[in-house]
Amino acid sequence: MNTRSDASDAGLPERLRQVRLRIAQAARAAGRDPAAVRLLAVSKTFAAQAVEELAACGQDEFGENYVQEALPKISALRGRWPALCWHFIGPLQGNKTRDVACHFDWVHSIDRIDLARRLSAQRPAERDGHALPPLQVCLQVNISGESSKRGVAPEQLPELARQVAGLPALRLRGLMCLPAPAQGLEAQREPFARLRALQQQLVELGLPLDTLSMGMSADLEAAVLEGATMVRVGSALFGQRAPRPA
Ligand SMILES: *Cc1c(COP(=O)(O)O)cnc(C)c1O
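Anyway, here's the lowdown on the structure attached to this text.

Calculation notes
- Residues numbered from 1 in each chain as written.
- Predicted model: local features only at pLDDT ≥ 70, side-chain atom pairs only at ≥ 80, totals over all residues.
- Heavy atoms only, no water.
- Phe/Tyr/Trp six-rings, centres within 6.5 Å; stacked < 30°, edge-to-face > 60°.
- Helix = DSSP H or I, 4+ residues; strand = E, 2+ residues; numbered from the N terminus.
- Buried < 20%, exposed > 50% of the residue type's maximum accessible area, 1.4 Å probe, protein only.
- Lys, Arg positive; Asp, Glu negative; His and termini not counted.
- Salt bridge = Lys/Arg side-chain N within 4 Å of Asp/Glu carboxyl O.
- Contact = heavy atoms within 4.5 Å.

Topic: the packing of aromatic side chains
Argument step 1. Taken as a whole and assessed by the stated rule, the structure comprises three aromatic pairs.
Argument step 2. Between F46 and F238 the ring centres are 5.1 Å apart and the planes differ by 20°, which places this aromatic pair in the stacked class. Here F46, found in the loop between β1 (38-42) and α2 (48-55), pairs with F238, found in helix α9 (residues 235-238); they are 192 residues apart in sequence, far enough to count as distant.
Argument step 3. The exposure class assigned to F46 is buried, which follows from its relative accessible area of 17%.
Argument step 4. Ring centres of F62 and W86 lie 5.7 Å apart, and the angle between their planes is 35°; on these two criteria the pair is classed as tilted. With F62 in strand β2 (residues 61-64) and W86 in strand β3 (residues 85-88), this pair connects stretches of sequence that are 24 residues apart.

Notes on the side chain of D219
Argument step 1. Within the element layout of this structure, D219 appears in the loop between β9 (211-213) and α8 (220-225).
Argument step 2. The side chain of D219 is buried and forms no salt bridge, while R22, the nearest opposite charge, is found at 7.1 Å.
Argument step 3. Setting aside residues no more than four positions away along its own chain, D219 makes contact with Q188 and F192.

Let's talk about unusual backbone geometry
Argument step 1. In this model, T45 sits at a positive phi of 70°, which is unusual for a non-glycine residue.
Argument step 2. Within the secondary structure, T45 is located in the loop between β1 and α2.
Argument step 3. Although it is not a glycine, D128 sits at a positive phi angle of roughly 50°.
Argument step 4. Residue placement: D128 occurs in the loop between β5 (126-127) and β6 (130-131).

This is the structure in structure tokens:
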């Protein structure tokens, strides 16, 4: 019989408790208020039922990467859980912007002005009879400079930020990054520190950004130490993901 009781064996409520504890400990170590870090549960590849189980524990922000997978989940849950906040964090394609603009509350992965313009033009004024606020957006920055990674290059960030900030149905909230995996706290902190410095530059240019979306299951402590206001956590909550079919 398996008698281990580590995170991988625990149920969703226990894993949620452990992730919240990790966030709170890192926040306290940084002298920050743990409540200043929002936990986004990345539910990609997991069923609506798992989302619902976390929602019942009070988790209300969820991240999805694939539009086609997310839409049925969102519509299955919207009726019973109208207060859930849905974040689109995956690669954004031009032919999917309308679905994203209609069904999500946040988008973290904007890296081109044409995508931002489409999202702004396609954001509806209302949904289910309720007025919809502007779509809350972050710009994804290619912080590790990898050619394979998505994200705007740091040199082009100020211009993109200025343009996005001027779009009527979007509200520019901050920056997001997905750095190359690194081992050890110090190596993990370095790209997050650079993202924070870029955000600071934009604030000095007069853009009122309040969000740093950074940190995942393996590096959330490093991100919180560097000022993350949102961490995006998947496998530490839901368990390992099955490989995605091509
Ligand atoms: C999958 C994913 C996450 C969560 O990753 P874990 O390592 O499972 O926590 C966070 N952000 C983005 C953009 C992702 O695609």
